[in-house]
Amino acid sequence: MKEIVKDIGFRVKELREISNVTSQEIAKELNIDEEEYTLYENGEKDIPVSILYEIAQKLGVDMGLLVSGEETRMNIFHVTRAGKGRFVEKRKGYECESVADRFINKKAETLIVTVEPKEEKPPKNSHLGQEYNYVIEGSLKLYIHDHEIILNKGDSIFFDSSYEHAMQALNGKEAKFLAVII
């Protein structure tokens, strides 16, 4: 797990430097502390998917390059077999699997997100664009801006992801959802 975090941080730093962008400039664009951004690049802290997506957009690459270190190649279609997506982020209680990381020039990122049940309210994040979530299993409480919304298996939501949001599994059971970030 730690090696993956370090590898992704290294790729982000290398691409940022090649692009002649300072860490101060990109941290400001991401609306985060430069100190926190440096922790991401040094592999000392997981880069949240939402921030990784924004970094890829700002540096003009597909997020798959930052995650895997490999150029995206597929331009007609890309098949991801069940359970064979690419690991994107894992922190305690929250895991993401990229299910279309090799398709070139994507207009959206697609992730299968698994959330473990926790009592405490999860930390919120935000990112530019829009997001669509479809619940595959379990139940989720979504915190979006000042709202709390309960979604059950088969429910979906589309929202402006520039508003702070977070997801929490309910009923003491794991929840899984498809997230499409546009």
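Residue positions within a chain follow its written sequence, with the count starting from 1. Under the rules for a predicted model, residues below a pLDDT of 70 receive no local features and side-chain atom pairs below 80 are neither given nor counted, while totals for whole chains, interfaces and linings still include all residues. Just so you know, side-chain values use all the structure's heavy atoms and leave hydrogens and water out.

Undergrad: Provide a residue-level description of the layout of surface pockets, including the pertinent values.
TA: With a 1 Å grid laid over protein atoms only, a set of points is called a cavity when a 1.4 Å probe fits there but cannot get out and a pocket when it is open yet has protein on both sides within 12 Å along at least five of seven lines; lining residues have an atom within 4 Å of a point. Grid points are joined across faces, edges and corners, and a volume is the space filled by probe spheres set on the points. Its volume calculated, the largest pocket comes out at about 350 Å³. As for the largest pocket, its lining consists of 19 residues, and the residues nearest its centre are Ile32, Ser50, Ile51, Asn125 and Ser126. Among the secondary structure elements, those contributing two or more residues to the lining of the largest pocket are α2 (23-30), α3 (34-41) and α4 (49-59). The element that contributes the greatest number of residues to the lining of the largest pocket is α4, accounting for three residues. Helix numbers and strand numbers start at the N terminus; a helix is a DSSP run of H or I with at least 4 residues, a strand a run of E with at least 2.

Undergrad: How would you sum up α3? Please name residues and give values.
TA: Exposure categories follow from relative accessible area, calculated using a 1.4 Å probe and restricted to protein chains: below 20% of the type maximum is buried, above 50% is exposed, and the middle band is partly exposed. Taken together, the buried positions of α3 are Tyr37, Tyr40 and Glu41. Summarising the axial view, the buried residues of α3 lie within an arc of 95 degrees, below the 170-degree limit, and thus occupy one face. Trailing α3 by a residue or two, Gly43 shows a phi angle of about 70 degrees, which is positive. This arc is taken over the directions from the axis of the helix to the C-beta atoms.

Undergrad: Quick one: what's the story with the environment of Ile4, residue by residue and with numbers?
TA: Along the chain, the position of Ile4 falls in helix α1 (residues 2-18). Given the relative accessible area of 34%, Ile4 is considered partly exposed. Separated by 83 residues in the primary sequence, Ile4 and Phe87 have C-alpha atoms spaced 8.9 Å apart.

Undergrad: Run through α1, naming residues and quoting values.
TA: Because an α-helix completes one turn every 3.6 residues, residues spaced three or four positions apart along the sequence face the same direction. In a helix, the anticipated span is given by 1.5 Å times the number of residues less one. Taking 1.5 Å of rise per residue, 17 residues should cover 24 Å, and α1 covers 24 Å from first to last C-alpha, within 8% of that figure. Of the positions making up α1, those classed as buried are Val5, Ile8, Gly9, Arg11, Val12, Leu15 and Arg16. Seen along its axis, α1 keeps its buried residues to an arc of 160 degrees; they face one direction. Within α1, the exposed residues directed more than 90 degrees away from the buried face are Lys2, Glu3, Phe10 and Ile18. One or two residues past the end of α1 sits Asn20, with phi positive at roughly 55 degrees.

Undergrad: Give a description of the pairing of strand β4 (residues 130-137) that names residues and reports values.
TA: As defined by bridge partners, β4 adjoins strand β7 (residues 156-160) across five bridges and the pair is classed as antiparallel. When the bridges of β7 are listed, Tyr132 appears paired with Phe158. Inspection of the sheet shows β4 paired to strand β9 (residues 175-181) by six bridges, in the antiparallel sense. Directly across from Glu131, in β9, lies its bridge partner Ile181. Here, a strand pair is defined by DSSP locating no fewer than two bridges between the strands.

Undergrad: Which residues make up the packing of α1 against α3, and what are the values?
TA: Every axis corresponds to a line fitted to the C-alpha atoms, with the helix fit spanning only the stretch in contact, and the corresponding angles, defined between N-to-C directions, vary from 0 to 180 degrees. Their axes nearest at 7 Å, the elements α1 and α3 cross at an angle of 115 degrees. Classed by the angle they form, the pair α1 and α3 counts as roughly perpendicular. On α3, the residues touching Gly9, Phe10, Val12, Lys13 and Arg16 of α1 are Tyr37, Tyr40 and Glu41. The residue makeup of the contact of α1 with α3, split by class, is four nonpolar, one polar and three charged. Roughly parallel means an angle under 35 degrees; roughly antiparallel means over 145; roughly perpendicular covers 65 to 115; every other angle is labelled oblique. Contacts were defined at the residue level, with two residues in contact if any of their heavy atoms lie within 4.5 Å. Under the scheme applied here, ten amino acids are nonpolar (Ala, Val, Leu, Ile, Met, Phe, Trp, Tyr, Cys and Pro), four are charged (Asp, Glu, Lys and Arg), and all others, including Gly, are polar.

Undergrad: Which residues make up the sheet that holds strand β6 (residues 147-152), and what are the values?
TA: Ordered by their spatial adjacency, three strands build an open sheet running β6-β5-β8, and the pairing between neighbours is antiparallel. Here the strands that pair on one side only, and so sit at the sheet edges, are β6 and β8 (165-169). On average, each strand axis in the sheet is tilted by 20 degrees relative to the strand beside it, whichever way the strands run.

These values are about where atoms sit, not about what they do.
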